[in-house]
Amino acid sequence: MQPLHAEPPSRRSVWMWVGAVAGLGLALSMFLNNNGPRTRVVARPSVTSTFVVSGVVVPGDSASVSRDGRGGCVGTGTHADVVDGALVLITATAGLAAGRLTDPQALTDGTCRFAFSVPGVPTGQDVYLVTVAHRDTRTYLERELTGEPVRLRVD
């Protein structure tokens, strides 16, 4: 038995060949013209040296601290998070380093002073972000963090 209408010739094979030729032409063109400008990849030198940031933190004013009766002190009120063991973070492009507040000392003017030391801070960074006890982050240059002990005021 034969169909009543003759089937039209298949156009699928023609379009398949057109697509294959176009894809091959595009790939060949990309291969041959791949001599244009290149985007340079600038590798940052690996961090090979570090330094230690040491200093003191003074929280607010005398209303921001209370004496503990043993010559030490703790932050109070809005400075209640500035206590012995609070985190000191120094962040840079190459990574971060952490230390803790230690040795709280009540001063004669009614304020308080905590010591800190943060080892492993990478050298050669553009800026360093310093955060004490999850408070305002401040920006420093390397020359401000090296040499003399750093004095940070936490307001």
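Rules used in this analysis
- Residues numbered from 1 in each chain as written.
- Predicted model: local features only at pLDDT ≥ 70, side-chain atom pairs only at ≥ 80, totals over all residues.
- Heavy atoms only, no water.
- Core = buried A, V, L, I, M, F, W, Y, C linked by side-chain atoms within 4.5 Å.
- Buried < 20%, exposed > 50% of the residue type's maximum accessible area, 1.4 Å probe, protein only.
- Helix = DSSP H or I, 4+ residues; strand = E, 2+ residues; numbered from the N terminus.
- Contact = heavy atoms within 4.5 Å.
- Pairing = 2+ DSSP bridges.
- Axes fitted to C-alpha atoms, helices over the stretch in contact; angles between N-to-C directions.
- Salt bridge = Lys/Arg side-chain N within 4 Å of Asp/Glu carboxyl O.
- Phe/Tyr/Trp six-rings, centres within 6.5 Å; stacked < 30°, edge-to-face > 60°.

## Some thoughts on the nonpolar core
1) Next: Grouped together as the largest cluster of nonpolar side chains are 27 residues, with contacts concentrated most on Leu101, Phe116 and Val132.
2) Next: Listing elements by their share of this core, those giving two or more residues are strand E1 (50-59), strand E4 (87-92), strand E5 (95-106), strand E6 (112-122), strand E7 (128-132) and strand E9 (150-154).
3) Next: If one sorts the elements of this core by residue count, E6 sits on top with five residues.
4) Next: Contact partners of Phe116, with chain neighbours within four places excluded, come to Val53, Ser54, Gly55, Val56, Val57, Val88, Arg100, Leu101, Val150 and Leu152.

## With respect to the sheet that holds E1
Remark on secondary structure: sheet strands pair via backbone hydrogen bonds, oriented parallel or antiparallel.
1) Next: The strand order E8-E7-E4-E5-E6-E1-E9 describes an open sheet built from seven strands, whose pairing is mixed. Of all the strands in the sheet, the pair left with one neighbour each is strand E8 (138-140) and E9. Going across the sheet, the axis of each strand differs from the next one's by a mean of 30°, ignoring polarity.
2) Next: Pairing analysis gives three bridges linking E7 to E8, with the strands arranged antiparallel. By the bridge assignment, Tyr128 is partnered in E8 with Tyr140.

## Brief notes about the pattern of salt bridges
1) Next: Across all of its chains, the model carries four salt bridges by this definition.
2) Next: Where Arg138 meets Asp155, a salt bridge forms, and the shortest distance between an N and an O atom there is 3.7 Å. Highlighted residues: Arg138 in strand E8 and Asp155 in the segment after E9, separated in sequence by 17 residues.
3) Next: Classification of Asp155 by relative accessible area gives exposed; the value is 52%.
4) Next: The salt bridge involving Asp155 is made with Arg153; its shortest N-O contact spans 3.8 Å.
5) Next: Overlapping salt bridges bring together Arg138, Arg153 and Asp155 as one network.

## What to know about the pairing of E4
Successive residues of a regular strand alternate their side chains across the two faces of the sheet.
1) Next: Burial along E4 is one-sided: the residues Val88, Ile90 and Ala92 are buried and none of Leu87, Leu89 and Thr91 is.
2) Next: Of the strand pairs in this sheet, E4 and E5 are connected by six bridges, and their pairing is antiparallel. Bridge pairing in E5 links Leu89 to Ala98.
3) Next: Remark: two residues form the turn of the hairpin made by E4 and E5, two consecutive strands paired antiparallel.
4) Next: Here E4 pairs with E7 via four bridges, running antiparallel. Bridge pairing in E7 places Leu89 opposite Thr131.

## Considering the packing of aromatic side chains
1) Next: In this structure the tally under the stated criterion is one aromatic pair.
2) Next: With a centroid separation of 5.8 Å and an interplanar angle of 80°, the aromatic rings of Phe51 and Tyr128 are classed as edge-to-face. Taken together, the residues span a long stretch of sequence, with Phe51 in strand E1 and Tyr128 in strand E7 at a distance of 77 residues. As far as burial versus exposure is concerned, Phe51 and Tyr128 are alike and both buried.

## Quick look at unusual backbone geometry
1) Next: One non-glycine residue, Asp103, lies in the positive phi region at around 50°.
2) Next: Within the secondary structure layout, Asp103 lies in strand E5.
3) Next: Residue classification places Asp103 among the partly exposed residues on the basis of a relative accessible area of 45%.
4) Next: Phi is positive for Ala133, close to 50°, though the residue is something other than glycine.
5) Next: Within the secondary structure layout, Ala133 lies in the loop between E7 and E8.
6) Next: A relative accessible area of 2% means that Ala133 is categorised as buried.

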